[in-house]
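As a plain string of letters, each chain reads:
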Amino acid sequence: MKKIGFVAAMTLFAVALLSTRYYMADLPIYHFFGGGEGPEPSVLHLRGEFVESNLGAAEGPSGSLTVRMIAQQFVFVPQCLVVPAGVPIAFRITSADVVHMLSFLGTDYGLKAVPGAVTEATFTFTKVGTFKIPCHEFCGAGHYAMRGQLNVVPRDQFASLLPGERRTCELR
Ligand code: CUA
């Protein structure tokens, strides 16, 4: 009978741990299965896909739109994203340190930023407006102040932006 109590306690402990600190388990597992082929977190800003000049919204050769972004303690780079309404946008996100979670307030969309890996997802924002992007994964002392902004603008307005103006925007 004592043994069952012990097993039950350990199971409860494991469930509690996994439900609150799951990234401590899923990150090593992810890397074990070859998920560690992504960008090196410590040199993100210096070379490769996530250098400063490559961040924000960029148009591909086929006219498709890709947004690249870095999450780090305790900011998103860029802090403000500008995208057109009604167009599928491919997001490519990584982290420079720990796990962060972008949630686009006012939408159902969310994206996890994982160090050493690129998270990809395609979202279409139908409503024009300003949406806050709070971090929804506890990432340290500045977690509750970690928030970016997404400006969804009409398609023609986005089309008239210069490449440099697609990298970031004014925080409101
Ligand atoms: Cu980043 Cu919480």
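Right, let's walk through the structure included here. Not measured: the values here are computed from a predicted model.

## Comments concerning the packing of aromatic side chains
Within this structure, the stated rule accounts for nine aromatic pairs. For the ring pair Phe91 and Phe125, a centre distance of 6.2 Å and an interplane angle of 75° mean the geometry is edge-to-face. Taken as a pair, Phe91 in strand E5 (residues 88-95) and Phe125 in the loop between strand E8 (119-124) and strand E9 (129-134) lie far apart in primary sequence, 34 residues in all. Residue class for Phe91 comes out buried when judged on its relative accessible area of 1%.

## A word on the pairing of E8
Alternating residues of E8 divide into Thr119, Ala121 and Phe123, all buried, and Glu120, Thr122 and Thr124, none buried. Of the strand pairs in this sheet, E5 and E8 are connected by six bridges, and their pairing is antiparallel. Within E8, the position partnered with Ile89 by the bridge is Phe123.

## Some points on the sheet that holds strand E4 (residues 80-84)
Strand order across the open sheet formed by three strands is E4-E10-E9, with mixed pairing between neighbours. Pairing within the sheet leaves two strands with one partner each, and these edge strands are E4 and E9. Here the strands of the sheet are splayed against their neighbours by 25° on average, with no regard to which way each runs. In this structure, E4 lies alongside strand E10 (residues 147-153), joined through five bridges in parallel fashion. Across the sheet, the residue bridging to Cys80 is Gln149, located in E10.

## Concerning the pattern of salt bridges
Taken as a whole and assessed by the stated rule, the structure comprises four salt bridges. Among the salt bridges present, the one from Arg92 reaches Glu49, with a minimum N-O distance of 2.5 Å. One end of the pair, Arg92, is in strand E5; the other, Glu49, is in the loop between helix H2 (23-32) and strand E1 (56-59), and 43 residues separate them in sequence. By relative accessible area, which is 24% here, Glu49 ends up partly exposed. A salt bridge links Glu59 to Arg166; the shortest N-O distance between them is 3.1 Å.

## Some details on the nonpolar core
Grouped together as the largest cluster of nonpolar side chains are 30 residues, with contacts concentrated most on Phe76, Phe91, Leu102, Phe104, Phe125, Ile133 and Leu150. Counting residues per element, this core draws most heavily on strand E2 (residues 65-72), which supplies four residues. Among residues more than four places away in sequence, those in contact with Phe104 are Phe91, Tyr109, Gly110, Phe123, Phe125, Lys132, Ile133 and Leu150. Among the nonpolar cores identified, the runner-up in size contains five residues, and Leu44, Leu55, Ile70 and Val77 belong to it.

## Focus on the side chain of Thr119
Assignment of secondary structure puts Thr119 in strand E8. Accessibility expressed as a relative area gives 19% for Thr119, which makes it buried. From its side chain, Thr119 meets the backbone oxygen of Lys112 in a polar contact 2.7 Å long. Once you skip the residues sitting within four places of it in the chain, Thr119 turns out to touch Phe91, Arg92, Ile93, Leu111, Lys112, Ala113 and Val114.

## What about a nonpolar patch on the surface?
Taken together, the side chains of Phe6, Val7 and Met10 make up a nonpolar region of the molecular surface, amounting to roughly 310 Å² of accessible area. You can see Met10 is positioned in helix H1 (residues 2-20).

Parameters and conventions
- Each chain carries its own residue numbering, running from 1 in the direction its sequence is written.
- For a predicted model such as this one, the threshold for reporting local features is a pLDDT of at least 70, and the threshold for listing and counting side-chain atom pairs is 80 or more; totals across whole chains, interfaces and linings nevertheless cover every residue.
- Hydrogen atoms and water are omitted, and side-chain values are computed over all heavy atoms in the structure.
- Aromatic rings from Phe, Tyr and Trp, with only the six-membered ring used for Trp, were paired whenever their centres fell within 6.5 Å, and each pair was classed as stacked if the ring planes differed by under 30 degrees, edge-to-face if by over 60, and tilted otherwise.
- Starting at the N terminus, helices and strands are each numbered in turn, a helix being any DSSP run of H or I of at least four residues and a strand any DSSP run of E of at least two.
- Buried residues are those whose accessible area, probed at 1.4 Å on protein chains only, stays under 20% of the maximum for their type, while exposed residues exceed 50% and partly exposed ones sit between those limits.
- Any two strands with at least two DSSP-identified bridges between them are counted as paired.
- Only C-alpha atoms enter the line fits that serve as axes; for helices the fit covers just the stretch in contact. Angles between N-to-C directions range over 0 to 180 degrees.
- The salt bridge criterion pairs a side-chain nitrogen of Lys or Arg with a carboxyl oxygen of Asp or Glu, the two atoms within 4 Å.
- By nonpolar core is meant a set of buried Ala, Val, Leu, Ile, Met, Phe, Trp, Tyr and Cys residues that side-chain atoms within 4.5 Å join together.
- The contact criterion used throughout is that any non-hydrogen atoms of two residues lie within 4.5 Å.
- Any N or O atom pair separated by 3.5 Å or less is treated as a polar contact, with the protein-specific requirement of one donor-capable and one acceptor-capable atom, and with residues adjacent in sequence counted only for side-chain atom pairs.
- Each patch is assembled from residues with relative accessible area greater than 30% and no salt bridge, linking like charges that lie within 9 Å and nonpolar side chains (Val, Leu, Ile, Met, Phe, Trp, Tyr) that lie within 5 Å.
- Computed with the Shrake-Rupley method and a 1.4 Å probe, the accessible areas treat only the protein chains shown as cover for residues.

Just geometry here; none of it tells us what the structure is for.
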